[in-house]
Amino acid sequence: MLRRSMLASTSPFFGLACCRGRGFREYAMSSKTSLEKSRIKFLLLEGIHPSAVEVLRGAGYTNIESLPGALPDAELKAKIADVHFLGIRSRTQLTAEVFAAAQKLVAAGCFCIGTNQVDLEAAREHGVAVFNAPYSNTRSVAELVLAEAILLLRGVPEKSAVAHRGGWLKSAENAFEIRGKTLGIVGYGSIGAQLSVLAEALGMKVAFYDVVTKLPLGNAHQVRELHQLLAQSDIVTLHVPETQATQWMIGAAEIAAMKPGAILINASRGTVVEIEPLAAALKQKKLLGAAIDVFPVEPRTNKDEFQSPLRGLDNVILTPHIGGSTMEAQANIGLEVAEKLVKYSDNGTSTSSVNFPEVALPAHPGKHRLLHIHRNVPGVLSEINRIFSDNNINISSQFLQTNEKIGYVVTDIDAAYSDLALEKLAKVNGTIRSRVLF
Ligand SMILES: NC(=O)C1=CN([C@@H]2O[C@H](COP(=O)(O)OP(=O)(O)OC[C@H]3O[C@@H](n4cnc5c(N)ncnc54)[C@H](O)[C@@H]3O)[C@@H](O)[C@H]2O)C=CC1
Ligand SMILES: O=C(O)C(=O)COP(=O)(O)O
């Protein structure tokens, strides 16, 4: 069956696929239309894997634009105005201003783990569901970190750089096996815990620090204080999300607390480590080396220049935010997030959204499905249900889920009544957005 999304209005306030509560007066004056799949626009940025396009095409969506890099802010704001579904990776910043310019946006997919680049609160206020891929690239990051730990303990980056310049640094000085060394993991989540298992398989000892008490895998053990971890680790590796608490978590004091000759690896977010004190510690050989994959400011595209005080230091592995950039991870992420967007578009399922109440919905054969997103204030559900009872509309199923800010009510009704019901739902106090699927 061809899925169509019925619209509440053609006014600029309402996307074709949905309507926003704040424009309901215009709604009352304009005619309703419905939207073919071919008119639902997907914009994919930052070189999202073609597997995503395959999933979207397989589901009947054909209006898909895929671009290799992130867009400058002004260009993004202009381009997003007629986009219904957006795909990004870690570089695109989705600010409140971007959401304000995205009047038709129904959902955004982060084709990565981190969602720190998205103002999730603003997304919620605009009724935009946000999805991500929480696991698909975790193995890729863990493998890269282990490889870097081995190379740095052997001084390979420096020896290689010298050889490229015609030198010959054959020496065992400051070259060590990884076996028996202590790996200190900051953030024992999906990546940290996976790395812990791999590191132990290589004969490492593992300690970790996390704000949450975590079940240690293997023989790993949790330490209560960050500085305690720093003082005992030969290699410190960071796997925390970008939050206020993790911003500049590793600064001069933390680097000073590390063992002399230790190694620092950061494949989490660029705001976790203060680069200037790190560069100083590396130049002074207080640290043996570092591997840095993420930076406070990263180039928008592969054509832009990378600038960092760490450039030119031979004992540092610099990588262009490629922790999760493997063919396997990207292909899986493309599938995973595109499928989440399709499900949300096709039947309203919001399972695993990072900012929305989660509702897993069955199919709705023969019925029209009304989706209503509203501010979570008292009385909205009773007002919605009064509309159905006052108008003699039989509800065949209803689903409700709320979080502290918004509520998401899904109601399946007979097709004959969906025009009327959508029009009335859009006028309910507190409505952010509503649409109907059939
Ligand atoms: N370089 C790259 O390409 C990639 C980078 N990442 C980054 O790695 C981060 C971690 O990924 P996952 O392990 O999947 O996340 P996760 O959410 O599974 O684990 C994060 C862990 O950090 C802990 N944590 C949070 N705040 C903390 C704090 N202030 N102090 C100590 N621990 C804290 C959490 O309790 C959790 O156990 C992502 O948020 C993302 O920013 C993820 C994938 C690829
Ligand atoms: O998954 C993440 O959080 C990452 O940092 C990977 O980001 P990317 O998709 O490579 O821009």
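Since the model is a prediction, treat every value here as computed from it, not as a measurement.

Visitor: Looking at this structure, I do not really get the site of ligand 2. What am I missing?
Guide: Residues in contact with ligand 2, as listed here, are Arg89, Ser90, Arg91, Cys112, Ile113, Gly114, Asn137, His321, Gly324 and Ser325. When grouped by side-chain class, the residues that make up the shell around ligand 2 number two nonpolar, six polar and two charged.

Visitor: Would you mind going over the site of ligand 1 with me for this structure?
Guide: Around ligand 1, the surrounding shell holds 31 residues, and the nearest of these are Gly187, Gly189, Ile191, Pro241 and Gly323. Of all the secondary-structure elements, those providing two or more residues to the shell around ligand 1 are α6 (138–153) and α8 (190–201). The dominant element in the shell around ligand 1, judged by the number of residues it contributes, is α8, at three residues. Residues belonging to the shell around ligand 1 are distributed by class as follows: 13 nonpolar, 14 polar and four charged.

Visitor: Would you take a moment to explain the packing of α6 against α8 for this structure?
Guide: Pairs of packed helices are described in terms of their axes, by the angle between the two and the distance that separates them. Where α6 contacts α8, the axes come no closer than 9 Å and their chain directions differ by 50 degrees. Judged on the interaxial angle alone, α8 and α6 are oblique. Two packed elements cross with a definite hand, and for α6 against α8 that hand is right-handed. Residue-level contacts link Thr138, Arg139, Val141, Ala142, Val145 and Leu146 of α6 to Ser190, Ile191, Gln194, Leu195, Leu198 and Ala199 of α8. When grouped by side-chain class, the residues that make up the contact of α6 with α8 number eight nonpolar, three polar and one charged.

Visitor: Is there a simple way to think about the UniProt feature "domain: ACT" (unreviewed entry) in the chain in this case?
Guide: Summarizing the sequence annotation, UniProt attributes the feature "domain: ACT" (unreviewed entry) to residues 369–438 in the numbering used throughout. Between the first and last C-alpha atoms of residues 369–438 the distance is 6 Å; the span itself is 27% helix and 44% strand.

Visitor: Hey, could you run me through the packing of helix α2 (residues 50–58) against helix α12 (residues 327–347) in this one?
Guide: Packing of α2 against α12 leaves a shortest axis separation of 7 Å and a crossing angle of 30 degrees. Accordingly, the angle class assigned to the pair α2 and α12 is roughly parallel. Read as a crossing pair, α2 and α12 show a hand that is right-handed. Every residue of α12 that contacts α2 at Pro50, Ser51, Ala52, Val55 and Leu56 is listed here: Ala331, Gly334, Leu335, Val337, Ala338, Glu339 and Val342. When grouped by side-chain class, the residues that make up the contact of α2 with α12 number nine nonpolar, two polar and one charged.

Visitor: Please explain the pairing of strand β12 (residues 235–238) as it appears in this structure.
Guide: In regular strands, side chains alternate between the two faces of the sheet. Judged by which residues are buried, β12 turns out to be covered on both faces: Ile235 and Thr237 on one side and Val236 and Leu238 on the other are all buried. In this sheet, strand β13 (residues 262–266) lies alongside β12 in parallel orientation, the contact comprising four bridges. From the neighbouring strand, threonine 237 faces β13, where its bridge partner is isoleucine 265. Once you follow β12 into helix α10 (residues 252–257) and on to β13, the crossover reads as right-handed.

Visitor: What should I look at first to understand the environment of phenylalanine 176 in this one?
Guide: Of note, phenylalanine 176 is situated in the loop between α7 (156–164) and β9 (182–186). Distance in space between the C-alpha atoms of phenylalanine 176 and aspartate 346 is 55 Å, their sequence separation being 170 residues. Beyond its immediate chain neighbours, meaning those up to four positions away, phenylalanine 176 contacts Leu153 and Lys181.

Visitor: Sorry if this is basic, but what is going on with the sheet that holds strand β4 (residues 42–44) here?
Guide: Each strand in a sheet pairs with another by means of backbone hydrogen bonds, the pair being arranged parallel or else antiparallel. Spatial ordering of the open sheet is given by β5-β4-β6-β7-β8, a layout of five strands whose pairing is parallel. Both edges of this open sheet fall to β5 (64–66) and β8 (129–131), since each of them pairs with a single strand only. Within this sheet the neighbouring strands show an average axis-to-axis angle of 15 degrees, counted without direction. As judged from the three bridges shared by β4 and β5, these two strands associate in the parallel manner. If you follow leucine 43 over to β5, its bridge partner there is glutamate 65. Along the sheet face, α2 touches β4, β5 and β6 (85–88) and points at about 180 degrees away from the line of β5.

Cut-offs used in this document
Residues numbered from 1 in each chain as written. Chains lettered and ligands numbered in written order. Predicted model: local features only at pLDDT ≥ 70, side-chain atom pairs only at ≥ 80, totals over all residues. Near = placed C-beta within 6 Å. Nonpolar A, V, L, I, M, F, W, Y, C, P; charged D, E, K, R; others polar. Helix = DSSP H or I, 4+ residues; strand = E, 2+ residues; numbered from the N terminus. Axes fitted to C-alpha atoms, helices over the stretch in contact; angles between N-to-C directions. Parallel < 35°, antiparallel > 145°, perpendicular 65-115°, else oblique. Left-handed = near helix turned anticlockwise from the far one by under 90°. Contact = placed C-beta atoms within 7 Å. UniProt positions renumbered as here; feature names shortened; annotations may be inferred. Buried ≥ 20, exposed ≤ 12 C-beta atoms within 10 Å, placed from the backbone. Pairing = 2+ DSSP bridges. Right-handed = clockwise from strand over helix to strand, strands pointing away.

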